[in-house]
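The lines below spell out each chain.
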Amino acid sequence: MPATVHGIHHITAIATDAQRNLDFYSGLLGLRLVKRTVNFDDPGTYHLYFGDAEGRPGTILTFFPWRYARRGARGTGQVTATAFAVPAASLGWWHDRLAASHVVREDPRERMGEEVLAFLDPDGLRLELVATDTAAEGGPWSAGPVPTPHAIRGFHSATLALADAAPTAALLTREMGLRRVAEEGARSRFAAGPAEGVGALVDLVARPGEGRGNVAAGSVHHIAWRVAGDTEQEEARAHLEGLGLHVTPVLDRQYFHSIYFREPGGVLFEIATDPPGFGVDEPVEELGSGLRLPPWLEPHRERIERTLPPLGAGRELSAEGA
């Protein structure tokens, strides 16, 4: 691809209750609520963005909280785990914090030379904390409930489960510029960019014979990859169409521009631009402080605000773990 991707831009998942989602990710995990807006295709639904102190690409996990969404099922053709990078010595602290809030979790285990703590959010979304030295380069939200020495720095990686990993691996390496950097059993790891920093990694896990997943509540809706700007995105779009993939037109998401396509294994990919960023409609120090709407929805603000459920601040869920 003429413009290679630079890693993960954001990951978007489906939740049910918006307040519970905010409490978990901001009040327990200590992520900053970077943007409080709506789903531009369904303005009666929130779109909540969580990330680091400045809302940098590579740190952003977003949610569509559809209150009555049915529970999804993990399987092939999905992002089945979203992993965050935390400082190397912090997993014991995190285990205690999650235990204090009765979060469903597994015991830490080693994977590819790093310790991994897996757990579920209230809707069943599989998350992981990976103790890694690369976490040192992130910019945690120091005003949150998690002390800075333990705070999440951004994405470590995402895991894609695939019935046949080979076509997806070929797309990542030949067309998107990623490098295969490690293998462990059925898991292959790929890295974007010259360094393996925050948001640079993706793992493909081959699961032949496993059933197809069902994307609904507790599932990842799509994974977005970073490009530098509009020119690189247009080059990527033309290249992907040349491969015979169906790619959407460029969509204005206010904080980035997006194109979408299905990779060969069925996972919905997005390619998103780094600019203009989350400071386009509010200063960095006020990120997430109020409902932000794009210009084309602003005339409908009163109706949208009446439709949306009340949403307060993220409540601290585990004083014992602080």
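These figures come from a predicted structure and were not determined experimentally.

### With respect to the packing of aromatic side chains
Thought 1: Enumeration according to the criterion identifies 15 aromatic pairs in this entry.
Thought 2: Every member of this aromatic cluster is reached through a ring pair, and the members are Phe24, Tyr25, Phe50, Phe63 and Phe119.

### Examining the sheet that holds strand 4 (residues 60-65)
Thought 1: In spatial order, the strands read 2-3-4-1-13-16-15-14; together these eight strands make up an open sheet with mixed pairing. Looking at strand neighbours, the two that pair on one side only are strand 2 (32-39) and strand 14 (251-252), the edges of this open sheet.
Thought 2: As paired elements, strand 3 (residues 42-51) and strand 4 share three bridges and run antiparallel to each other. Of the residues in strand 4, the one forming a bridge with Leu48 is Phe63.

### Comments concerning the pairing of strand 5 (residues 78-86)
Thought 1: Summarising burial for strand 5: nine of the nine residues are buried, a large majority.
Thought 2: Looking at chain direction, strand 5 and strand 9 (residues 154-162) are connected through seven bridges and run antiparallel. Counterpart to Gln78 in the pairing with strand 9 is Ala161.
Thought 3: Sheet topology places strand 5 next to strand 8 (residues 126-131); five bridges connect them, and they run parallel. Pairing of Ala85 across the sheet is with Val130, part of strand 8.

### A look at unusual backbone geometry
Thought 1: The residue after Pro275, namely Pro276, is reached through a cis peptide bond having omega 10 degrees.
Thought 2: In the Ramachandran plot, Met112 falls in the positive-phi region, its phi being about 50 degrees despite a non-glycine side chain.
Thought 3: Along the chain, Met112 turns up in the loop between strand 6 (109-111) and strand 7 (114-120).
Thought 4: Overall, Met112 belongs to the buried group, its relative accessible area being 17%.
Thought 5: Positive phi is not limited to glycine here, since Gln254 has a value of about 70 degrees.

### Let's talk about the pattern of salt bridges
Thought 1: Summed over the entire model, instances satisfying the criterion amount to 20 salt bridges.
Thought 2: Note that Asp17 and Arg67 form a salt bridge whose closest N and O atoms lie 2.5 Å from each other. Of this pair, Asp17 sits in the loop between strand 1 (8-15) and helix 1 (18-28) while Arg67 sits in the loop between strand 4 and strand 5, and the two are 50 residues apart along the sequence.
Thought 3: When its relative accessible area of 23% is taken as the criterion, Asp17 is described as partly exposed.

What counts and how
Residues numbered from 1 in each chain as written. Predicted model: local features only at pLDDT ≥ 70, side-chain atom pairs only at ≥ 80, totals over all residues. Heavy atoms only, no water. Phe/Tyr/Trp six-rings, centres within 6.5 Å; stacked < 30°, edge-to-face > 60°. Pairing = 2+ DSSP bridges. Helix = DSSP H or I, 4+ residues; strand = E, 2+ residues; numbered from the N terminus. Buried < 20%, exposed > 50% of the residue type's maximum accessible area, 1.4 Å probe, protein only. Salt bridge = Lys/Arg side-chain N within 4 Å of Asp/Glu carboxyl O.

Nothing here speaks to function; it is all geometry.
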